[in-house]
Amino acid sequence: EYPVKISTPNAKIAQIILSQYGGPDGEAGAAMRYLAQRFSAPNRITAAVLTDVATEELAHLEMVGTIVHQLTRNLSAEELEKAGF
């Protein structure tokens, strides 16, 4: 629960940060792995811990989305295309 406050837009950095959203090493993938492992957990305590960790990974998705939004806020379509979006 740390506030994200970015004042200077930067589409290139946003593109790098966006890579942490999905993909094999991204936050969404991590959350899905923890949720999948939860169903084969040996006991309820382990399942509960895996659920908590997955929930935390989903919270990271919110932070990544907020960072990308703030880094691309008020940029024109041309600026975004130039950066590779």
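Here is what the cut-offs are and how they apply
Counting from 1, residues in each chain are numbered in the order their sequence is written. pLDDT decides what is reported in this predicted model: residues at 70 or higher carry local features, side-chain atom pairs at 80 or more are listed and counted, and totals for whole chains, interfaces and linings draw on all residues regardless. Hydrogens and water molecules were not included; the side-chain quantities draw on all heavy atoms of the structure. Secondary structure elements are taken from DSSP: a helix is a run of H or I of four residues or more, a strand is a run of E of two residues or more, and numbering for both begins at the N terminus. Note on classification: 1.4 Å probe, protein chains only; a residue is buried when its accessible area is under 20% of the maximum for its type, exposed when over 50%, partly exposed between these limits. In this description, contact between two residues means that some pair of their heavy atoms is separated by no more than 4.5 Å.

A. Spatial organisation of unusual backbone geometry. Phi angles above zero are rare outside glycine, and N74 is one such case at about 65°. Position of N74 relative to the elements: it lies in the loop between α3 (44–72) and α4 (77–83). The class for N74 is exposed, based on a relative accessible area of 73%.

B. Broad picture of the side chain of T72. Its place among the elements puts T72 in helix α3. Not counting the four nearest positions on each side in its chain, T72 is found in contact with A14, L80 and F85.

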